[in-house]
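Understanding the architecture of this molecule
Each chain, letter by letter, is given below.
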Amino acid sequence: MKLRLLLASLAMLVVLASAWMVARAADTKGADPPGAFFMFTTSRFANAGERKAIVDALRRYVTGQDYLGSRLGHEVPELGGRVGRAHLYALPPNLESLERQSAGRCGSGTPGLIVYDGEHWQETPADEQEDMPRAIARGKGMVRATGCHDYGVAPDGEFIGIVPKTCSYELGDALHRRVDWDDISLFNIQAQRLLSDECDPRAGLKAYVTFVTEIARDVRAKSPRTKVSAQLSFRYTPPDRMVAAIRRLRGVVDGFYIAYPSNVGPRCAYCSPHNLEEVLEAIRAT
């Protein structure tokens, strides 16, 4: 009798285990591939042909792990739906804009991630530039009060230790060491200048990788849950140099912010759909 009960119990365990494995396979079928994510903002292009080629490239590579600027997500609903509200983001350059983005806007189609983009430019007021850690903390309070957004930060290279004139860096008083990282979901490292054509002979790949690695390590030591992305820009950096950096930073950062300033500011030396596709392919391979 006891033997029959034991055998029946074992048979039931086998059935349950098989059912779990089938369910697990169904859950993971079609799931996003593991690896690094990418962030892409641009929705303004030089012409309709470039726009179509870029959107087609994004359709081939965007998964639910990636992040898109909210305007692009609205203009291409297929892509916006693919990443979901949590991965649509806004980049307010000052606290006034950040407050407008976050206040009372929690519905469908609104950005789920608000990234404070404080930089050394006219878009960020002088008082915010003078005390960026305090400005970051104020922004965090505004976003947290809504209860329906994540908060990220993307201070420019000078704030995190880049010395633009000499294509070097100094981490002694870098901003990230003076920030309270609690409740900051994402940190974008703007070190792309070190990879530029101007800085490549003096700094280039080695300096960029070393700098990003040190910053990422510091931030993770304080806040393991904060996602870290490294910024790359087509304005002054060719795709082969970007790809080399992506490969070297595999496992160091969680993702990459791809700046594609095709129709904004000075001429973008390397903006092209082909170059973007080359970089996205490298990211998907990480």
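Let us look at the structure shown here. Here the structure is a predicted model, which means the values were calculated and not measured.

Before going further, it helps to examine the overall build of the protein. Within the protein one finds ten helices and ten strands. Among the 286 residues that make up the protein, the fraction classed as buried is 50%. For the protein, the proportion of contacts with a sequence separation of at least 24, taken over those separated by at least 6, is 72%. With the model as given, the accessible surface of the protein reaches about 14,100 Å², and the carbon-plus-sulfur share is 54%.

A separate point is the pattern of salt bridges. A side chain with one charge may pair with a side chain of the opposite charge, provided their charged atoms come close. All told, the structure shown has 17 salt bridges when counted by the stated rule. Residue D180 is joined to K140 by a salt bridge in which the shortest nitrogen-to-oxygen separation is 3.7 Å. Of this pair, D180 sits in the loop between β7 (168-169) and β8 (186-189) while K140 is found in helix α7 (residues 132-146), placing the two residues 40 residues apart along the sequence. A relative accessible area of 48% means that D180 is categorised as partly exposed. Its relative accessible area of 6% is what places K140 among the buried residues. A salt bridge links R241 to D200; the shortest N-O distance between them is 3.6 Å.

With that settled, the discussion passes to the sheet that holds strand β5 (residues 150-153). Spatial strand order, β1-β2-β3-β4-β5-β8-β9-β10: eight strands in a closed barrel with parallel pairing. Taking the axes of each pair of neighbouring strands and ignoring which way they run, one obtains an average angle of 25° across the sheet. Relative to strand β3 (residues 88-90), strand β2 (residues 67-69) is paired through two bridges, and the arrangement is parallel. The partner of L68 across the bridge, within β3, is L88. Contacts between α7 and the sheet are confined to β4 (113-116) and β5, with β5 contributing the most and set at about 165° to the helix.

With their axes 10 Å apart at the nearest point, helix α2 (residues 48-61) and helix α10 (residues 273-284) run at an angle of 10° to one another. Comparing their axes, α10 and α2 come out roughly parallel. When α2 is examined against α10, the residues E50, A53, I54, A57, L58, R60 and Y61 are found in contact with a partner set consisting of P273, L276, E277, L280, E281 and R284. Here the residues of the contact of α2 with α10 sort into eight nonpolar, no polar and five charged.

Consecutive side chains along a regular strand alternate between the two faces of the sheet. The alternating pattern of β8 places L186 and N188 on one face and F187 and I189 on the opposite face, and all of these are buried. Here four bridges tie β8 to strand β9 (residues 227-233), and the two strands are oriented parallel to one another. Residue pairing across strands places F187 opposite V228, the latter belonging to β9.

F40, Y208, F256 and I258 are the most contacted members of the largest nonpolar core, which totals 72 residues. For this core, the leading source of residues is helix α8 (residues 204-222), giving eight residues. Once residues within four sequence positions are removed from consideration, F40 is found in contact with F45, I54, L58, Y67, L68, G69, L72, Y89, I258, Y260 and L276. Ranked by size, the runner-up nonpolar core spans ten residues in total, among them F37, M39, Y257 and A259.

This paragraph deals with empty space enclosed by the protein. Under the counting rule described, the total for this entry stands at one cavity of 30 Å³ or more. Approximately 30 Å³ is the volume found for the largest cavity. Every residue along the wall of the largest cavity is listed here: D127, E128, D131, R134, A135 and R138. Every element with two or more residues in the lining of the largest cavity is listed here: α6 (126-130) and α7. If you tally residues by element for the lining of the largest cavity, the top one is α7, at three residues.

Let us look at the pairing of β5. With four bridges joining them, β4 and β5 adopt parallel strand pairing. Note that in β5 the partner of Y116 across the bridge is V153. For β5 and β8, the ladder comprises two bridges, and the chain directions are parallel. Bridging across to β8, G152 finds its partner in L186.

Definitions and cut-offs
- Residues numbered from 1 in each chain as written.
- Predicted model: local features only at pLDDT ≥ 70, side-chain atom pairs only at ≥ 80, totals over all residues.
- Heavy atoms only, no water.
- Helix = DSSP H or I, 4+ residues; strand = E, 2+ residues; numbered from the N terminus.
- Buried < 20%, exposed > 50% of the residue type's maximum accessible area, 1.4 Å probe, protein only.
- Contact = heavy atoms within 4.5 Å.
- Areas by Shrake-Rupley, 256 points an atom, 1.4 Å probe, with all protein chains shown as cover.
- Salt bridge = Lys/Arg side-chain N within 4 Å of Asp/Glu carboxyl O.
- Pairing = 2+ DSSP bridges.
- Axes fitted to C-alpha atoms, helices over the stretch in contact; angles between N-to-C directions.
- Parallel < 35°, antiparallel > 145°, perpendicular 65-115°, else oblique.
- Nonpolar A, V, L, I, M, F, W, Y, C, P; charged D, E, K, R; others polar.
- Core = buried A, V, L, I, M, F, W, Y, C linked by side-chain atoms within 4.5 Å.
- 1 Å grid on protein atoms, 1.4 Å probe; cavity = no way out; pocket = protein on both sides within 12 Å on 5 of 7 lines; lining within 4 Å.
- Points joined across faces, edges and corners; volume = space filled by probe spheres on them.

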